[in-house]
Amino acid sequence: LKALAHATPDLILLDVMMPEMDGFEVCSKLRAHPVWREVPVIFLTALGEVDHKLKGFAAGGNDYITKPFQLEEVMSRVRNQLALQEARRDLQRSLQRLQELERVRDDLVHMIVHDMRTPLCTLFMNLELLKPEVHGDAVELLDESMLTAERLHHMANDLLDVSRLESGQMPLQRAQCDLSQLVARVCSEAHAMEPERVLCCDATVPVPVSCDASLIGRVVTNLISNGIKHTASGGQLQVRVLASECTARVQVEDRGPGVAPEVRAHLFEKFAAVARREDQRYHSAGLGLAFCKLAVEAHGGRIGVDSAAGGGSIFWFELPAL
């Protein structure tokens, strides 16, 4: 251990039966040290029992050779461990480069989106001012333009909020609230915006939770909007609030095309865009669902998607119950 303080080796061949401290304890100390923890350790000992080998690997050993040994075998295992160590370092360097590129990308996107908000607000206000002056067929075009501007504004807000949640710069304004009342209010607002969908809300039993009602309300809004987007006109969307002893659960069940199993693992990732094979339409742009995931996890909860019985999807999230 004193020698290691002067020079960190590429690999250590370590005996077990030694005075003062056995090899297992030495290996444990190496693994607890921030500089030495990554140095490969090969135990080279006469202790060949299975329980000794298991103890060696539990202490952090990379390999275990029993005496008597062949020099060729030792050298082969040394070369293998050194190659693995170099591969791990290459992976770590690649990961660091990717993380730096991601940080640069996120900073650039954040800057662009932040600068977009002012002209977007100006555009939206100018469209509002034009409404009294527009008549006939132009009214529909103006409404579509306003809707598009509003969507762009929501996307910009989602991206900025995702960035704030990732960096821990969005403090939660927690307070006790009734999750059922919150969901019922969002459902009522969604039904007023999309009257051609049948929106069934099963949220009558009080379910108290401690949360930032504004953030969780946006999560529910995003999940319902996502379900409406994949529910045909006249179709039904089911929203439920369920409670157990430990958790409060909200689930949104649609009758859309469903989500393929290989897609589910990436659906809540930032910038995830998944094309449906049959018509190449995007299932999700990813920002809204990424926001949902970060907001729910910031509350100590979890979020996911399952297949619904008879087709469609069930998007759900759970929060700790009071």
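Structure's up top.
In this convention, every chain numbers its residues from 1, walking through the sequence in written order. For this predicted model, a pLDDT threshold of at least 70 governs which residues receive local features, and a threshold of 80 or more governs which side-chain atom pairs are given and counted, while totals over whole chains, interfaces and linings are taken from all residues. Heavy atoms throughout the structure, all of them, feed into the side-chain values; hydrogens and water do not.

Turning our eyes to something else, we now look at the overall build of the protein. Numbering of helices and strands starts at the N terminus; helices are DSSP runs of H or I of at least 4 residues and strands are runs of E of at least 2. Looking only at helices and strands, the protein features nine helices and 10 strands. Taking 322 residues into account, the globule formula puts the C-alpha radius of gyration at 20 Å, and the protein, at 29 Å, lies well above it. Its C-alpha atoms give the protein principal-axis dimensions of about 95 × 45 × 45 Å. The buried label applies to any residue whose accessible area, calculated with a 1.4 Å probe on protein chains only, is under 20% of its type's maximum; exposed applies above 50%, and partly exposed to all values in between. The buried share among the 322 residues of the protein stands at 38%. Considering only contacts in the protein between residues 6 or more positions apart, those separated by 24 or more positions represent 63%. Note on method: radius of gyration uses C-alpha positions; expected globular size equals 2.2 Å times residues raised to 0.38. Whether two residues are in contact is decided by their heavy atoms, any of which lying within 4.5 Å being enough.

Let us look at the pairing of strand S2 (residues 41-45). Where burial is concerned, most of S2 is hidden: five out of the five residues are buried. Of the two faces of S2, the one lined by Val41, Phe43 and Thr45 and the one lined by Ile42 and Leu44 are each fully buried. Should DSSP find at least two bridges between two strands, the strands are taken to pair. Of the pairings in the sheet, the one linking strand S1 (residues 12-14) to S2 comprises three bridges and is parallel in character. Counterpart to Leu13 in the pairing with S2 is Ile42. Remark: the S1/helix H2 (residues 23-32)/S2 crossover connection has right-handed handedness. In the sheet, S2 pairs with strand S3 (residues 63-66) via four bridges, with the strands oriented parallel. Call a crossover right-handed when, viewed with both strands pointing away from you, the route from the first strand across the helix to the second goes clockwise.

Attention shifts here to unusual backbone geometry. The omega torsion of the bond from Lys67 to Pro68 falls at -5 degrees, within 30 degrees of zero and hence cis. Here Glu20, not a glycine, exhibits a phi torsion of approximately 70 degrees, which is positive. Counting through the fold element by element, Glu20 comes out in the loop between S1 and H2. Judged by relative accessible area, Glu20 falls into the exposed class, the value being 87%.

Reading across the sheet, the five strands line up as S5-S7-S8-S10-S9 and stay open at both edges, with mixed pairing between neighbours. Edge strands, defined here as strands with exactly one partner in the open sheet, are strand S5 (198-202) and strand S9 (302-307). Within this sheet the neighbouring strands show an average axis-to-axis angle of 15 degrees, counted without direction. Pairing of S9 with strand S10 (residues 313-320) involves six bridges; the strand directions are antiparallel. By the bridge assignment for S10, Ser307 is matched with Ser313. For helices, the fitted line uses only the C-alpha atoms of the stretch in contact; every axis is such a line through C-alpha atoms, and the angle between N-to-C directions lies from 0 to 180 degrees.

This paragraph deals with the pattern of salt bridges. Salt bridges are defined by distance alone: a side-chain nitrogen of Lys or Arg within 4 Å of a carboxyl oxygen of Asp or Glu. Summed over all chains, the structure comprises 15 salt bridges. Notably, a salt bridge pairs Asp306 with Arg249, separated by 4.0 Å at the nearest N-O pair. Remark: Arg249 occurs in strand S8 (residues 247-254) and Asp306 occurs in strand S9; sequence separation between them is 57 residues. On the basis of relative accessibility, which here comes to 35%, the residue Asp306 falls in the partly exposed class. In this structure, the salt-bridge partner of Arg249 is Glu318, at a minimum N-O distance of 2.9 Å. Pair noted here: Arg249 is in strand S8 and Glu318 is in strand S10, with a separation of 69 residues, a long-range link. Side by side, Arg249 and Glu318 carry an identical accessibility label, which is buried.

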